[in-house]
Amino acid sequence: MSLDIRIMTLEANERSGFAHRAVAGVGLVGLGLAWAALLLPCMLWLAASHLGRRLEPLTRRFA
């Protein structure tokens with residue numbers, strides 16, 4: 001039983017760094033899309049609610 005320590009070459013280290021950055025970028029894009037999918041319906045509902053409240057006095061008939 002022995003410990004096998006391997007030192008990465010500079011080229012392998014650069015490939016590894018690029019792969020990590022690419023995966024992190026894909027993760028951030030996925031996180032952004034998830035937030036957009038969550039927040040977009042809420043923003044639309046709030047906008048419609050706000051617009052409805054602003055237009056309500058205009059549609060009311062005064063006696």
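Parameters at a glance
Residues numbered from 1 in each chain as written. Predicted model: local features only at pLDDT ≥ 70, side-chain atom pairs only at ≥ 80, totals over all residues. Heavy atoms only, no water. Helix = DSSP H or I, 4+ residues; strand = E, 2+ residues; numbered from the N terminus. Buried < 20%, exposed > 50% of the residue type's maximum accessible area, 1.4 Å probe, protein only. Areas by Shrake-Rupley, 256 points an atom, 1.4 Å probe, with all protein chains shown as cover. Patch = residues over 30% accessible without salt bridge, like charges linked within 9 Å, V, L, I, M, F, W, Y side chains within 5 Å. Salt bridge = Lys/Arg side-chain N within 4 Å of Asp/Glu carboxyl O.

Caption draft 1: Layout of the overall build of the protein. The helix and strand inventory of the protein stands at 1 helix and 0 strands. In the protein, which comprises 63 residues, the proportion classed as buried is 3%. Split by element, the accessible area of the protein, about 6,500 Å² in all, is 70% carbon and sulfur.

Caption draft 2: Looking closely at a nonpolar patch on the surface. Together, Leu-28, Leu-31, Trp-35, Leu-38, Leu-39 and Met-43 make up a nonpolar patch on the protein surface, roughly 640 Å² of accessible area in all. Mapped onto the elements of the fold, Leu-39 is located in helix 1 (residues 10-59). Take Leu-39: its relative accessible area is 38%, and that puts it in the partly exposed class.

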